[in-house]
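Here is how the chains run, residue by residue.
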Amino acid sequence: MTITEHAVAGPDAGPYAITTGPDGALWFTMVHSSRIGRLIPGSEPASHELGPGRGPTIIVPGPDGALWFTEYQAHRIGRITTGGVVDEFALPTPGCGPFGIAPGPDGALWFTETAADRIGRITPDGQVTEFPLPVAGGFPSAIAAGGDGGLWFTLNQAGALGRIGTDGAISLHALPTKDAAPVGIAAGQDGALWFVEIAAGQIGRITPDGRITEFPLPDRTARPHAVTTDAGGVPWFTEWGTGRVGAVAADGTIEVYGLPTPGCEPHGITLGPDGALWTALEIGALARIAPAHGRT
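Predicted model only: the values in this text are computed from it and were never measured.

**Some details on the pairing of strand 9 (residues 86-90)**
Item 1. The pairing of strand 8 (residues 76-80) with strand 9 spans five bridges and is antiparallel. Note that in strand 9 the partner of Ile-77 across the bridge is Phe-89.
Item 2. In this structure, the hairpin formed by strand 8 and strand 9 is closed by a connection of five residues, where Gly-84 is found at a positive phi of approximately 95 degrees.

Right, here's the structure in full:
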């Protein structure tokens, strides 16, 4: 295991989410400085300034060759081309607090509205539709496209996962652990989805038919935040509270690895263009995690 840190911003910028763009670069949000960053591994970082108080959170590649992101503080959806041109789209519901966003199978982007108990859909030309959830105060957070044609999302305050079809049909699945506070979610290669329970210190897996398995972390106070899968389908997650990343083996065994800087606060994690895992650190850096060959 080789882990290296790469400074990309000042300590107050707040790198938060990270993804690989269609241009072979890493793109990341800086929630505190309202900027979108870009890094080609091995090169110097660049960034693009948004307006003040935007609070960009999750960022993903869109179906149109651009990157799409949520503006949690400005209650907007943003789009940035690989050349750095930014567009912003206001949402119908004031103060809705968009957070998670994911490309759907229908050519649109789907996103969560944490403060409005809604799931939103935006087309590449900016047309927005909102779908009310059958729960109050659920705080829908992360969202990911599942292999079953639906979008799956975490309900942080409701202790549940939800699924919305492209037709707007919604179903909810309560988690076995009370007050687990799920946050990140990502699709696996086997048709299931992986998610993290920040309050319970567990990693979870849900199948398309709603069967849930939970895996306790070695440190239940680690505050797992985000999850992704590597090229081999192994789920990797960040431990925001301990400055570690971890992986879940096929037999359910969990291994965790400390990042170089204590208190670095890792948030988002993604498979990079170079085949390594990359995570965004709130201290102003990205960390590259290269597992040993043939091992998780």
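**Some points on the sheet that holds strand 4 (residues 35-39)**
Item 1. The strand order across the open sheet built from four strands is 2-3-4-5, with neighbouring strands paired in antiparallel fashion. Among the strands making up the open sheet, the edge pair consists of strand 2 (15-20) and strand 5 (46-49). Averaged over all pairs of adjacent strands, the angle between strand axes in this sheet comes to 20 degrees, irrespective of strand direction.
Item 2. Bridging between strand 3 (residues 26-30) and strand 4 involves five bridges; their strand directions are antiparallel. Looking at the pairing, Trp-27 lines up with Arg-38 of strand 4.

**Observations concerning the nonpolar core**
Item 1. If you look at the biggest cluster of nonpolar residues, it comprises 25 residues, and the most contacted ones within it are Trp-68 and Ile-101.
Item 2. Taken together, the elements giving at least two residues each to this core come down to strand 2, strand 6 (56-61), strand 7 (67-71), strand 8, strand 10 (98-103) and strand 11 (109-113).
Item 3. If near-sequence neighbours (up to four positions away) are discounted, Ile-101 is found in contact with Ile-58, Val-60, Trp-68, Phe-69, Thr-70, Ile-77, Leu-109, Trp-110, Phe-111 and Ile-143.
Item 4. Core analysis: the second largest hydrophobic core is formed by 15 residues, Ala-226, Trp-236, Leu-259 and Ile-269 among them.

**Things to note about the environment of Asp-23**
Item 1. Note on placement: Asp-23 falls in the loop between strand 2 and strand 3.
Item 2. Separated by 43 residues in the primary sequence, Asp-23 and Ala-66 have C-alpha atoms spaced 9.4 Å apart.
Item 3. Once you skip the residues sitting within four places of it in the chain, Asp-23 turns out to touch Arg-38 and Thr-82.
Item 4. Of note is the side chain of Asp-23, whose polar atom sits 3.1 Å from the side chain of Trp-27.

**Structural notes on unusual backbone geometry**
Item 1. Positive phi outside glycine occurs at Asp-179, with the angle close to 55 degrees.
Item 2. Mapped onto the elements, Asp-179 comes out in the loop between strand 17 (170-174) and strand 18 (182-187).
Item 3. Of note, Arg-223 is a non-glycine position whose phi angle comes to about 60 degrees, a positive value.
Item 4. Secondary-structure assignment places Arg-223 in the loop between strand 21 (212-216) and strand 22 (224-229).
Item 5. When its relative accessible area of 34% is taken as the criterion, Arg-223 is described as partly exposed.

**Looking at the UniProt feature "binding site: substrate" (unreviewed entry) in the protein chain**
Item 1. The feature "binding site: substrate" (unreviewed entry), as annotated in UniProt, sits at His-225 in this numbering.
Item 2. Mapped onto the elements of the fold, His-225 is located in strand 22.
Item 3. Given a relative accessible area of 10%, His-225 falls into the buried group.

The rules behind the values
- Residues numbered from 1 in each chain as written.
- Predicted model: local features only at pLDDT ≥ 70, side-chain atom pairs only at ≥ 80, totals over all residues.
- Heavy atoms only, no water.
- Pairing = 2+ DSSP bridges.
- Helix = DSSP H or I, 4+ residues; strand = E, 2+ residues; numbered from the N terminus.
- Axes fitted to C-alpha atoms, helices over the stretch in contact; angles between N-to-C directions.
- Core = buried A, V, L, I, M, F, W, Y, C linked by side-chain atoms within 4.5 Å.
- Buried < 20%, exposed > 50% of the residue type's maximum accessible area, 1.4 Å probe, protein only.
- Contact = heavy atoms within 4.5 Å.
- Polar contact = N/O pair within 3.5 Å; in protein donor to acceptor, adjacent residues only side chain to side chain.
- UniProt positions renumbered as here; feature names shortened; annotations may be inferred.

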